[in-house]
Amino acid sequence: MRNFSILLIIFTLVSCSTFEPSSRISSRTPASIAKVYFSCKKGLKNLFAGTTKKKVKASLLKLQAGDVLEQAERARLLKLTHEIPFSEDRKSVEVALKSSTPLGRSHIDIIRNFIGRDIMLSHNTNPNLFKRLFVGGDETLPQSYGIEFELILDEVPAILNSYRVKTLTEQEWYSLGIEQRFRLAKEAQKNADDVDNIFVRLSDANPNLPEGLFVEPHGTIEGNGLIFDNLGDLRNLITYMSEHYGKFSWQPHLVVDANAEFRGMSGYTFFEFDRNQVSVLENGFDRYLENDKAIPSANIVHYSLGPIDQKMANKITEADEYLENGMMDISISGVKAMYAPHFRVAGPYGPGKMGFELRQFHKRYEDMFDSLAKLARDVDQYGDLDHYSHFSKATQVSASTIQERMARYNFSKEEAEEMELFFLALSDEILKYNRKMGGGRSGADFEHRLLYPLKDWLNHPIRDSLNNDELMAFDNVTKQQQLRFIKEIQKLMNKYEVTEVTPETLKEVRVLIADWAHKSDYSYFFEAFNKTVQGKKRDLQYSYLPKLKFFEETAEKTYKFKKPSSSDFAYKNYIENTIEVAFRDLGKTGHMELRVGNRHYSVNGVLFGSTLTSSKDFSGFSSGAVGRVYRLDRQKIKEMTEQIEAYVKSASKNNFPPFDVWGTDELVKEVTGGFKMVNSKNKGLIKASIEEIAGLKYFVNGKVKIPVVEREGQYYIRTTNCTRSVTDILAKYLDFNIGSYASAGMLDNAFKKGTTAKPHDIEVHY
């Protein structure tokens, strides 16, 4: 009995962490006692009910292999038939499981698609997706991912097996079949008088789903607030939802700290827009050929997922210039409504955050996830998107597009003017269409949207990645298909004239646009580039200088410091991503101090022991100090800090490196346990030994080593003072070769005269 009790306790503990359908817990949220209790309770319940993950998974794998299930396995699956959404399918499977005859193909498919999918997901997910990703591999700058979705009840009624109308209790909801739930949900959606959660998650639903769903002003149902610290958990959830419920419209987000000098934002945006735009047009035409009622080019006229025109592109590239200069206080207004990645700073991501919302996928969740994963890997591997920067030179359509293209193909000015009037008339039809669909006028100008085939493809940046044969093919097809598109539009102009355009005219133009894309087949070139493009990893520099609110400019590159709030994000960013050498007019020779990130170091005298001090919280040097500031990537700051900490530890415990007010070479004599300086005021024991490394002798203690100076058979040690400690550190980590300065005053003078090898970014007066 005792052994059984011990086993029961062990099982209980294990079940708390492994038996829940979503056992992988985000590192951001600690488990509550209530969660642990219910996890344990459910684990024990499953143990005695015979529905543990392991047993269910074994039954499902056996079923997939075509093996016959035993009666106990059928009973196990019977307890999970509530996961099947439609009552007719559910009842059919229940009858089949209760019988003794082998399961038919249709019943096996229903079980495979709906029962225990959360159990099978971990079996099918790449474990590498659960690894954390960062900006440029810098672990102080982690990535996070969000997902929001929209749904239409007619397409995903199965969602009502996980959500109830908030006006009904769970008991009342459980008593209804899916058909009754659907009718009540449609009524609730129609009569919703606010955008708060009109649908509430059921207590036994997947806990990773949003707690509630709300109705958007344009009528779709939306869920959001889902944030993950790895791609694996996000992948599991979207796969779970797609396989359990049906098709959603997905919009993922990648978010990082907004303190990177980020390059390539606009280039990436324009590349992804074209890559997805040509692909969706080509695929849309394929569907149209199979069903002429499926009119393609839907996003071209969509109120919030339209194409990019030159007016929008100008705003994006203007913001790109700010980012390249490290300026994060930007607002990209008026460009969200586009079929492309949307870059944001702050806003919904919160203060001090930036990131992308990928808006170009709609229901293509596999493509959506692949693009999100590639974006995440690129940011992690390279630190930015500079390898897309040349796409920022892409010219988008504008008011001049028709005139330029018609002139290129030798049409007259009068023909161009007639075509302009035709497209202006069609823009009114787009406005009417959007009002009918419940959307307002936003995004690209409507008169530019239908001109996508007439974009300046002959000068498009994608050409830079093509070889000679591909370039010839690209240019030939561009000329052929642009000319054909113009002639087809002229045929429509003869058919309808400008004053007679109708919704039917707009549909015909949409078909022509998709037909142009299908025959041009540009997606081949974009996909080839997308698969092969590689960036170059760079040293990250996160701070931006000197346009900061806590500086007041007094001369060129010279600023007066104004103490900011300790919670000021820009100040925290500035401190964490710079180093600073500060001089104070103290005593006869002055005094030097060093700040590395948010750590502050100072040599305070000649006494042995704790003569080098550090402070974790830096809030400015003393009044009267003059600081010289250098930008430095965070990884180097991290390495530099680690080495200085070893220096501090060695100095405080071992009197090594030894200190002398002048920092000269001091004669030493060997004593028990180390050495002592003969003539210095520092009479403490230097705890070190002499070792020969690569033919040279060093005083060594741990990771710290100092060259031995040998004269006439006697040993001298190079001592350090406030000046030398600073110059030694800068020389080692910044290639800062400024010679040997005997005093702080002399080093300060070298800064003033510009004789230091590495120029500082700014000078700050405190």
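Rules of the game
Residues numbered from 1 in each chain as written. Predicted model: local features only at pLDDT ≥ 70, side-chain atom pairs only at ≥ 80, totals over all residues. Heavy atoms only, no water. Helix = DSSP H or I, 4+ residues; strand = E, 2+ residues; numbered from the N terminus. Buried < 20%, exposed > 50% of the residue type's maximum accessible area, 1.4 Å probe, protein only. Contact = heavy atoms within 4.5 Å. Areas by Shrake-Rupley, 256 points an atom, 1.4 Å probe, with all protein chains shown as cover. Salt bridge = Lys/Arg side-chain N within 4 Å of Asp/Glu carboxyl O. Phe/Tyr/Trp six-rings, centres within 6.5 Å; stacked < 30°, edge-to-face > 60°. Lys NZ or Arg CZ within 6 Å of the ring centre and 35° of its normal. Axes fitted to C-alpha atoms, helices over the stretch in contact; angles between N-to-C directions. Parallel < 35°, antiparallel > 145°, perpendicular 65-115°, else oblique. Nonpolar A, V, L, I, M, F, W, Y, C, P; charged D, E, K, R; others polar. Left-handed = near helix turned anticlockwise from the far one by under 90°. Pairing = 2+ DSSP bridges. Patch = residues over 30% accessible without salt bridge, like charges linked within 9 Å, V, L, I, M, F, W, Y side chains within 5 Å. pLDDT = per-residue confidence, 0-100. Expected span 1.5 Å × (residues − 1).

A.B. asks: Explain the overall build of the protein to me, please; I cannot follow it from the model alone.
C.D. replies: Broken down by element type, the protein carries 23 helices and 24 strands. Looking at the protein as a whole, 53% of its 766 residues qualify as buried. The contacts in the protein between residues at least 6 apart in sequence include a share of 68% that link residues at least 24 apart. Of the accessible surface of the protein, which amounts to about 36,700 Å², a share of 51% is contributed by carbon and sulfur atoms.

A.B. asks: For this particular structure, what's the right way to read the pattern of salt bridges?
C.D. replies: Two side chains with opposite charge may pair up if their charged atoms get near one another. Tallied over the full model, the rule gives 35 salt bridges. Here D384 ties to R263 by a salt bridge, and the two come within 3.5 Å at their closest N and O atoms. You can see D384 sitting in the loop between α13 (365-382) and α14 (401-408) and its partner R263 sitting in the loop between β8 (249-257) and α11 (265-290), a full 121 residues away along the chain. What emerges from the salt-bridge pattern is a single network uniting R628, D748, K752 and E763.

A.B. asks: Honestly, unusual backbone geometry in this entry has me stumped. Any pointers?
C.D. replies: Peptide bonds are trans in most cases, and residues, glycine excluded, mostly fall at negative phi. In this chain, F656 is followed by P657 through a cis amide linkage whose omega measures 5°. Mapping P657 onto the fold places it in the loop between α21 (634-654) and β18 (665-671). Look at N410: it is not a glycine, yet its phi comes out positive at around 65°. Within the secondary structure, N410 sits in the loop between α14 and α15 (413-437). On the basis of relative accessibility, which here comes to 71%, the residue N410 falls in the exposed class. A positive phi is found at E712, a non-glycine position, where the angle reads about 50°. For E712, the location among the structural elements is in the loop between β22 (704-711) and β23 (714-718).

A.B. asks: Where do I start with the environment of I198 in this structure?
C.D. replies: Relative to the helices and strands, I198 resides in the loop between α9 (178-190) and β5 (199-201). By relative accessible area, I198 is classed as buried at 5%. Each residue touching I198, except ones within four places of it in the same chain, is listed here: R164, V165, K166, A188, Q189, A192, L213, F214 and V215.

A.B. asks: Looking at this structure, how should I read the packing of aromatic side chains?
C.D. replies: The way to describe two aromatic rings as a pair is by their centre distance and the angle between their planes. Within this structure, the stated rule accounts for 36 aromatic pairs. Centroid distance F271 to Y388: 5.3 Å. Interplanar angle 40°. Geometry classified as tilted. Taken together, the positions of F271 in helix α11 and Y388 in the loop between α13 and α14 put the pair 117 residues apart, joining distant regions of the chain. Of the two residues, F271 and Y388, neither departs from the other in class, the shared state being buried. Seen from the ring of W457, K455 lies directly overhead, with NZ or CZ sitting 5.3 Å from the centre.

A.B. asks: Where do I start with the packing of helix α10 (residues 231-244) against α13 in this structure?
C.D. replies: Angle between the axes and distance between the axes are the two parameters that describe a pair of packed helices. Direction vectors running N to C along α10 and α13 enclose 175°, while the axes themselves pass 11 Å from each other. In this view, α10 runs roughly antiparallel relative to α13, as classed from their interaxial angle. Taken together, the residues of α13 that come into contact with α10 (itself represented by L231, L234, R235, I238, T239 and S242) are Y365, E366, M368, F369, L372, A373 and A376. Classifying every residue of the contact of α10 with α13 gives nine nonpolar, two polar and two charged.

A.B. asks: Can you help me understand the packing of helix α17 (residues 468-496) against helix α18 (residues 503-520) in this one?
C.D. replies: Remark: α17 packs on α18, axes separated minimally by 10 Å, with the N-to-C direction vectors making an angle of 165°. The angle between α17 and α18 places the two elements in the roughly antiparallel class. Every pair of crossing elements has a handedness; the one defined by α17 and α18 is right-handed. Counting all contacts with α17, which are made through V477, Q481, Q482, R484, F485, E488, I489, L492, K495 and Y496, the residues of α18 involved are E504, T505, E508, V509, L512, I513, D515, W516, K519 and S520. The class makeup of the residues in the contact of α17 with α18 is nine nonpolar, four polar and seven charged.

A.B. asks: Sorry if this is basic, but what is going on with the sheet that holds strand β9 (residues 341-345) here?
C.D. replies: Strand pairing in a sheet relies on backbone hydrogen bonds, with the paired strands running either antiparallel or parallel. Within the open sheet, the eight strands sit side by side as β4-β5-β6-β7-β3-β8-β10-β9. Their pairing is antiparallel. A single partner strand is all that each edge strand has here, and the edge strands are β4 (163-165) and β9. Neighbour-to-neighbour, the strand axes of this sheet turn through a mean angle of 25°, independent of strand direction. Taken together, the three bridges between β4 and β5 define a ladder with antiparallel strand orientation. The residue bridging V165 from the neighbouring strand is F199, located in β5. Relative to the sheet, α11 contacts β9 and β10 (353-358), its axis offset from that of β9 by approximately 155°.

A.B. asks: Sorry, what's going on with a nonpolar patch on the surface here?
C.D. replies: There is a patch of nonpolar side chains on the surface, built from L421, L424 and V498 and spanning about 240 Å² of accessible area. By the secondary structure assignment, L421 is in helix α15. The exposure class assigned to L421 is partly exposed, which follows from its relative accessible area of 48%.

A.B. asks: Help me out: how do you make sense of the confidence of the model for the protein in this one?
C.D. replies: Caution applies to low-pLDDT parts of the model: their predicted coordinates are not meant to be read in detail. Of the residues in the protein, 86% reach a pLDDT of 70 or more, and the chain-wide mean stands at 83. Here residues 1-51 scores under 50 on pLDDT; set against residues more than four positions off or in separate chains, the count is 48 contacts. The model gives residues 606-612 a pLDDT under 50, and that stretch makes 22 contacts with residues more than four places away or in other chains.

A.B. asks: Sorry if this is basic, but what is going on with the pairing of strand β6 (residues 212-215) here?
C.D. replies: On any regular strand, side chains alternate: one points to one face of the sheet, the next to the other face. The two faces of β6 match: G212 and F214 on one face and L213 and V215 on the other face are all buried. Here β5 runs beside β6; their pairing, made up of two bridges, is antiparallel. By the bridge assignment for β6, F199 is matched with L213. The pairing of β6 with strand β7 (residues 221-228) spans two bridges and is classified as antiparallel. Following the sheet pairing, V215 is matched in β7 by I221.

A.B. asks: Would you take a moment to explain helix α22 (residues 722-734) for this structure?
C.D. replies: Three- or four-residue spacings in an α-helix give side chains the same orientation, since the helix completes a turn every 3.6 residues. Taking 1.5 Å per residue, 13 residues should reach 18 Å; α22 reaches 18 Å between its end C-alpha atoms and fits that length. The buried fraction of α22 amounts to 10 of the 13 residues, a majority that puts the element mostly inside the structure.

A.B. asks: Just checking my understanding: could you explain the environment of L730 for this structure?
C.D. replies: With respect to the helices, strands and loops of the structure, L730 is situated in helix α22. The spatial distance from the C-alpha of L730 to the C-alpha of I579 is 9.8 Å, given a sequence separation of 151 residues. If we ignore the near neighbours within four places in the chain, the residues touching L730 are I579, V581, L594, M640, D735 and F736.

A.B. asks: Teacher, can you tell me more about the pairing of strand β11 (residues 551-555) here?
C.D. replies: With four bridges joining them, β11 and strand β12 (residues 558-561) adopt antiparallel strand pairing. Following the sheet pairing, F551 is matched in β12 by F561. Here β11 folds back onto β12 in antiparallel fashion, the turn holding two residues, of which K557 has a positive phi close to 60°.

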